[in-house]
Amino acid sequence: MFATVLECLRCGAQYAMDPRAYVCPRCGADDGDPGILDVHYDYGAARSRTFSSRGVFRYAPLLPAREVHEILPAGDTPLVEAPRLASELGIGRLFLKDETRNPTRCLKDRATTVGMALAIESGAQDVYCASAGNAAISLAGFAANCGMRCHVFVPNRVSAARLDWLRRFGADVRISAGNYDSAFEEAEREGRAKGWYSRNCAFNPFLVEGKKTCALEIAEEIEPDFVIAPVGDGCTLGAIGKGFREARELGLIERLPRLVGVQAEGVRPLVDRFCGTRSAEGETAAASIAVRRPRNAIRLFREIEASDGRMIAVSDDRIAAAQRKLAEEAGVIAEFTSAATLAALETVEEARGKAVVLLITGGRVD
Ligand SMILES: *Cc1c(COP(=O)(O)O)cnc(C)c1O
Ligand SMILES: [Zn+2]
């Protein structure tokens with residue numbers, strides 16, 4: 001393992017690598033931006049190791065796990081070219097990174113892979129998370145495969161289809177009386193009290209290490225000008241940014257793609273914070289990014305700034321149209337949230353003639 005230290009994104013304090021590490025003990029998690037930890041590696045040593053294995057563990061030298069685990073295989077997803085959409089929008093080359101091919105149909109499986117590896121390595125019997133659906137379903141699937149007990153805390157408006165996936169995987173499902181943010185608090189309260197292993201992405205510092213493998217895979221194939229992703233807590237796009245910086249460090253690419261983060265107009269706290277605007281709170285059908293109190297803003301904005309990127313809000317009507325287009329003109333069924341990437345691309349003038357990747361983060365339609 002080449003992981004060296006854990007550094008707090010908020011205060012910069014450093015801690016020894018520890019598979020049970022959580023938020024920065026100095027900053028805590030209770031006011032403003034939580035003290036989320038970032039894993040550092042010895043890149044000089046990692047570079048000399050060829051990538052073996054497959055999927056997420058292909059990048060084992062850049063992961064905080066001690067060994068490769070035989071669990072549900074995530075990663076190795078295709079870059080699907082979408083020439084019809086590209087010519088319609090005047091994009092040079094347009095690719096869909098099809099994360100719907102993961103075991104539970106979502107990019108979250110990459111994070112769960114690393115979370116489960118560390119849960120196993122730290123001797124946990126129980127894992128938990130709060131989720132609008134995808135993270136919980138992912139955790140439940142992996143827990144079923146590993147034989148761990150899985151406790152999931154979901155918002156009151158979780159869809160029947162998502163509940164069905166959770167129950168099929170045999171998870172202990174807790175439906176909150178409130179939204180995702182209340183489910184998150186309930187999960188943290190009970191999970192911490194019981195000493196369960198947490199798969200809450202913002203707080204657990206190791207999960208973004210799994211998500212970043214999506215960027216490493218892209219960088220092994222192409223050198224994109226823009227990468228567009230839906231943003232909820234900010235972990236996914238923050239991880240993608242870290243992955244591209246590491247890819248540059250390893251010599252896979254020469255320059256960083258500009259990162260574009262997308263939120264729905266109805267729930268757009270990170271667009272507001274990035275643009276210095278203030279919007280009234282509304283609603284959105286983009287359930288996977290309807291996060292009103294985002295927890296990984298520091299990481300997200302650091303990566304967006306490093307890449308000269310930006311944040312964009314799109315309406316639910318535009319997302320619905322984009323979801324139909326992805327199916328009808330590219331042959332990819334994306335969940336509503338993931339279609340926000342195409343809706344956003346339609347407004348990014350600078351992407352004309354360029355190479356663009358849309359992260360199709362999930363494919364469960366509900
Ligand atoms: C979780 C999720 C996102 C957003 O990820 P964050 O880390 O919360 O920003 C985007 N799309 C899908 C399908 C997701 O499940
Ligand atoms: Zn701190």
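Each value, and the rule that gives it
- Residues numbered from 1 in each chain as written.
- Chains lettered and ligands numbered in written order.
- Predicted model: local features only at pLDDT ≥ 70, side-chain atom pairs only at ≥ 80, totals over all residues.
- Heavy atoms only, no water.
- Helix = DSSP H or I, 4+ residues; strand = E, 2+ residues; numbered from the N terminus.
- Rg over C-alpha atoms; globule rule 2.2 N^0.38 Å.
- Buried < 20%, exposed > 50% of the residue type's maximum accessible area, 1.4 Å probe, protein only.
- Contact = heavy atoms within 4.5 Å.
- Lys, Arg positive; Asp, Glu negative; His and termini not counted.
- Charge placed at Lys NZ, Arg CZ, Asp CG, Glu CD.
- Donors = N, O, S within 2.8 Å, 3.2 Å for Na, K, Ca; no water.
- Tetrahedral: all angles 85-135°; square planar, octahedral: opposite > 155°, others 65-115°.
- Polar contact = N/O pair within 3.5 Å; in protein donor to acceptor, adjacent residues only side chain to side chain.
- Domains from an automatic or database assignment.
- Buried area = accessible area lost by both parts, 1.4 Å probe.
- Salt bridge = Lys/Arg side-chain N within 4 Å of Asp/Glu carboxyl O.
- Arc of directions from axis to C-beta.
- Near = heavy atom within 4 Å.
- Areas by Shrake-Rupley, 256 points an atom, 1.4 Å probe, with all protein chains shown as cover.
- Pairing = 2+ DSSP bridges.

Caption draft 1: Layout of the overall build of the protein chain. Helix and strand content of the protein chain: 13 helices and 13 strands. The C-alpha radius of gyration of the protein chain comes to 19 Å, within 12% of the 21 Å expected for a compact globule of 366 residues. C-alpha atoms of the protein chain, sized along the principal axes, occupy 50 × 50 × 40 Å. For the protein chain, with 366 residues in total, the buried portion stands at 62%. In the protein chain, of all internal contacts separated by at least 6 residues, the share reaching a separation of at least 24 is 69%. Positive and negative charge centroids in the protein chain, built from 47 and 50 side chains respectively, lie 1 Å apart.

Caption draft 2: Spatial organisation of the coordination of the zinc ion (ligand 2). Of the protein atoms, only C8 (SG), C11 (SG), C24 (SG) and C27 (SG) coordinate the zinc ion (ligand 2), at distances of 2.3 to 2.4 Å. Relative to the metal, the four donor atoms surrounding the zinc ion (ligand 2) lie at angles of 105 to 116°, and the coordination shape comes out tetrahedral. All donors of the zinc ion (ligand 2) come from a single chain, and their spacing in sequence reads C-x2-C-x12-C-x2-C. According to the relative accessible area criterion, C8 is buried, its value standing at 1%.

Caption draft 3: How the structure looks around the environment of Y197. Examined against the element boundaries, Y197 turns out to sit in strand β9 (residues 197-198). Overall, the relative accessible area of 6% leaves Y197 in the buried class. For the pair Y197 and C150, spaced 47 residues apart in the sequence, the C-alpha separation amounts to 9.5 Å. Setting aside residues up to four positions removed in sequence, Y197 forms contacts with P19, R20, G115, L118, A119, S122, A124, D126, V127, Y128, N204 and F206. Looking at Y197, its side chain comes within polar contact range of the side chain of N204, at 3.1 Å.

Caption draft 4: Looking closely at unusual backbone geometry. Although it is not a glycine, R105 adopts a positive phi angle of roughly 75°. Take R105: it is sitting in the loop between β5 (93-98) and α3 (108-121). Even without being a glycine, D308 presents a positive backbone phi close to 60°. Note that D308 resides in the loop between α11 (297-306) and β12 (310-314).

Caption draft 5: Spatial organisation of the domain arrangement of the protein chain. Entries for the protein chain in the domain assignment read domain 1 (3-62), domain 2 (79-106 + 207-360) and domain 3 (108-198). Look at where the C-alpha atoms of domain 1 and domain 2 centre, and you get two points 23 Å apart. Taken residue by residue, the interface counts 16 residues in domain 1 and 17 residues in domain 2. Both sides of the domain 1 and domain 2 interface together cover about 1700 Å² of buried area, and 54% of this is carbon and sulfur. Put simply, domain 1 and domain 2 have four salt bridges between them. Put simply, domain 1 and domain 2 have 12 residue pairs in polar contact (both at pLDDT 80 or more) between them. Elements supplying a minimum of two residues to the side of domain 1 that touches domain 2: β3 (37-41) and α1 (43-47).

Caption draft 6: Quick peek at helix α8 (residues 213-221). Counting buried residues along α8, seven of its nine residues qualify, which places the element largely inside the surrounding structure. Listed in full, the buried residues belonging to α8 are T213, C214, A215, L216, E217, I218 and A219.

Caption draft 7: Local environment of helix α5 (residues 160-168). Turning to α5, its buried residues number three or more, namely R162, L163 and L166. Down the axis of α5, the buried set is contained in an arc of 100°. They therefore lie on one face. Pointing more than 90 degrees away from the buried face of α5 are the exposed residues A160 and R168.

Caption draft 8: Fine view of the side chain of E188. Mapping E188 onto the fold places it in helix α6 (residues 180-194). On the basis of relative accessible area, E188 is assigned to the buried category, the value being 6%. Separated by 2.7 Å, the side chains of E188 and Y22 make a polar contact. If sequence neighbours within four positions are ignored, E188 has contacts with Y22, Y128, S198, N200 and F203.

Caption draft 9: Representation of the site of ligand 1 within the structure. Near ligand 1 lie 18 residues; those nearest to it are K108, G232, D233, T236 and T361. Contact distances for ligand 1 include 2.7 Å between an oxygen atom and a side-chain N or O atom of K108. Backbone polar atom of D233 to an oxygen atom of ligand 1: 2.8 Å apart, as the coordinates give it. In isolation ligand 1 has 380 Å² of accessible area, and contact with the protein removes 95% of it.

Caption draft 10: Representation of the pairing of β5. With five of six residues buried, β5 is to be regarded as a mostly interior element. As defined by bridge partners, strand β4 (residues 79-81) adjoins β5 across three bridges and the pair is classed as antiparallel. Bridge pairing links L79 to K97 in β5. Where β5 meets strand β13 (residues 355-360), six bridges bridge the pair, whose relative direction is parallel. If you follow L96 over to β13, its bridge partner there is L358.

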